[in-house]
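# Summary of the model geometry
Chain by chain, the residues:
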Amino acid sequence: MGGKIAPSLMCADFLHLEQTLSALDRAGVDYLHIDIMDGAFVPNFTLGPDFVHAVRQATRIPLDFHLMVDHPERHLHLFPVQEGDIVSVHQESTPHLQRTLQQIKSLGARASVALNPATSVLSIEDVLDDVDLILVMTVNPGFAGQKLVPATLQKISRLKKYLEERDCGHIEIEVDGNVSMENAKKMRQAGADIFVAGTSSVFKPGADLVALTQALREAVA
């Protein structure tokens, strides 16, 4: 089975969001990636609850929540999380990671831990029973349009091997950050399953969103 595509709505044209969602629906994307930033855990603010509720009403595509916030367990109730969605929280964002992951699962969503470029794969060892995915940040979180941190390609490979050695091959690996057509191929070869698509792939000004999504899908087939 080929890789799954999760376009990042942070990179969409907000003035034409309805048309963008319609195009992504036609393109058959697997998730809509929603970056939520609090200006504390990362130095930026993005996409609050009102935006997410509007998107939820406009599409049936599952949502991929990426909570770049301190104490995400305090904010989960603000968002319309449904069964089949993904919710990622950062390993460093809460002192009670296992409890937060169980809280996500109680909402029917797939629980995920996000690892920053400098965060060790070993940091998830004690929550492997509580996660459905691991989100590998291939840039430092906070802003779109950054360059790939080269060492993260090896990190994807190490994580894939780490999971297989522990009979956890069912845990999917998601990648986020400079997922260009070229980088996506390398990430797929390293073991990635879900690809967050932003300005370096599907959201290029004036380009055909459906055609670019198809090109990315072929790159990670």
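That block above? That's the structure.
So, a few notes on the structure that sits alongside this text. (Residues numbered from 1 in each chain as written. Predicted model: local features only at pLDDT ≥ 70, side-chain atom pairs only at ≥ 80, totals over all residues. Heavy atoms only, no water.)

A few words now on the overall build of the protein chain. Counting its secondary structure elements, the protein chain contains 6 helices and 9 strands. Here the C-alpha atoms of the protein chain give a radius of gyration of 16 Å, agreeing with the 17 Å that 2.2 N^0.38 yields for 221 residues. Dimensions of the protein chain, computed from C-alpha atoms along their principal axes, come out at roughly 45 × 35 × 30 Å. Split into buried and exposed, the 221 residues of the protein chain put 55% on the buried side. For the protein chain, contacts bridging at least 24 residues in sequence account for 63% of all contacts bridging at least 6. (Helix = DSSP H or I, 4+ residues; strand = E, 2+ residues; numbered from the N terminus. Rg over C-alpha atoms; globule rule 2.2 N^0.38 Å. Buried < 20%, exposed > 50% of the residue type's maximum accessible area, 1.4 Å probe, protein only. Contact = heavy atoms within 4.5 Å.)

A few words now on the packing of aromatic side chains. As enumerated under the stated definition, the model contains 2 aromatic pairs in all. Centre to centre, the rings of Phe-14 and Phe-51 are 5.4 Å apart; their planes meet at 45°, and the pair counts as tilted. Of the two residues, Phe-14 is situated in the loop between strand 1 (4-7) and helix 1 (17-27) and Phe-51 in helix 2 (residues 49-58); the sequence distance between them amounts to 37 residues. You can call Phe-14 partly exposed: its relative accessible area is 46%. Note on Phe-51: relative accessible area 18%, which makes it buried. (Phe/Tyr/Trp six-rings, centres within 6.5 Å; stacked < 30°, edge-to-face > 60°.)

Turning to the sheet that holds strand 4 (residues 63-68), a few remarks are in order. Hydrogen bonding along the main chain pairs the strands of a sheet, whether they run parallel or antiparallel. As summarised here, the arrangement of the 9 strands in space is 1-9-8-7-6-5-4-2-3, forming an open sheet in which the pairing is mixed. If you trace the sheet from one side to the other, it starts and ends with strand 1 and strand 3 (45-46), each paired once. Summarising the sheet, strand 8 (residues 172-176) and strand 9 (residues 194-197) pair through 3 bridges and their orientation is parallel. Bridge pairing in strand 9 places Asp-176 opposite Val-196. The strands touched by helix 2 within the sheet are strand 2 (32-38) and strand 4, with strand 4 carrying the most contacts at an inclination of about 170°. (Pairing = 2+ DSSP bridges. Axes fitted to C-alpha atoms, helices over the stretch in contact; angles between N-to-C directions.)

Turning our attention to helix 5 (residues 181-190). Of all the residues in helix 5, the buried ones are Asn-183, Ala-184, Met-187 and Ala-190. All buried residues of helix 5 fall inside an arc of 120° around its axis, so they share one side. Opposite the packed face of helix 5, turned more than 90 degrees from it, sit the exposed residues Glu-182 and Gln-189. Of the residues one or two after helix 5, Gly-191 is the one with positive phi, at around 125°. (Arc of directions from axis to C-beta.)

This paragraph deals with unusual backbone geometry. Leaving glycine out, the prevailing phi sign among residues is negative, and the prevailing peptide bond configuration is trans. One non-glycine residue with positive phi stands out, namely Asp-167, at about 55°. As for its position among the elements, Asp-167 is in the loop between helix 4 (151-165) and strand 8. Looking at Asp-167, the relative accessible area reads 68%, which means it is exposed.

Taken by themselves, the reported measurements are silent on function.
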